[in-house]
Amino acid sequence: MVIFTCSGQHSAVNTGQYDYGGWMPNTPISLQLPPPTTKGKTSKATMLQTFPDVNTTVQGMATMWLLSKQSSDFVPLGQYPEGHFSEKIPCKLIKDFQGELEGLSADIKARNESLEVPYTYMDPRELENSVAI
């Protein structure tokens, strides 16, 4: 559960933030007026008065972009470059885990081929080994 929470779940929640929120009306960082309470009564002028100013929007989008960006020291899930494990049993378990991840990645890639917009946030090749901010 810890491995999933720090890798897969974090990726699913975090990585797509900018893909969705990069268009400010989807996730405005603040509102200058209360949100509408009745559908169909909002005008373009009301929306423009409600959305945050340009500087606030740019700061929010920059933060969202930075949080969604793959880190420069990205280590894929199941990879351990420090070489902390040298005993036979842990090395075999790691190898088995890496094989399972490769199989999952192949399944996800095959499913994505038929999608107009592929879902890559849970592909083990794209998952960080741990939360890195």
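The name an unreviewed UniProt entry gives the protein chain is Lipoxygenase domain-containing protein, with Sander lucioperca as the organism.

(A) Representation of the side chain of Ser11 within the structure. If you trace the backbone, Ser11 turns up in helix α1 (residues 2-14). The contact partners of Ser11, leaving out residues within four places of it in the chain, are Gly16, Tyr121 and Leu127.

(B) Representation of the packing of aromatic side chains in the model. Per the counting criterion, the structure on display carries two aromatic pairs. When the ring of Tyr80 is compared with that of Phe85, the centres are 5.4 Å apart and the planes differ by 80 degrees; the resulting orientation is edge-to-face. Tyr80 gets classed as partly exposed once you look at its relative accessible area, which sits at 32%. Seen from their ring centres, Tyr119 and Tyr121 are 5.0 Å apart, and the 85 degrees between their planes marks the pair as edge-to-face.

Calculation rules
Residue indices follow the written sequence of each chain, beginning from 1 at its first position. Only residues with pLDDT of at least 70 get local features here, since the model is predicted, and only at 80 or more are side-chain atom pairs given and counted; chain-wide, interface and lining totals rely on the full set of residues. By convention in this description, side-chain values take in all heavy atoms of the structure and omit both hydrogens and water. Every helix listed is a DSSP run of H or I at least four residues long, and every strand listed is a run of E at least two residues long, numbered separately from the N terminus. Any two residues whose heavy atoms approach within 4.5 Å at even a single point are treated as in contact. Aromatic pairs are defined between Phe, Tyr and Trp rings, using the six-membered ring for Trp, whenever the two ring centres lie within 6.5 Å; interplanar angles under 30 degrees are classed as stacked, those over 60 as edge-to-face, and all others as tilted. Each residue is placed in one exposure class: buried if its accessible area under a 1.4 Å probe, protein chains only, is under 20% of its type's maximum, exposed if it is over 50%, and partly exposed if it falls in between.

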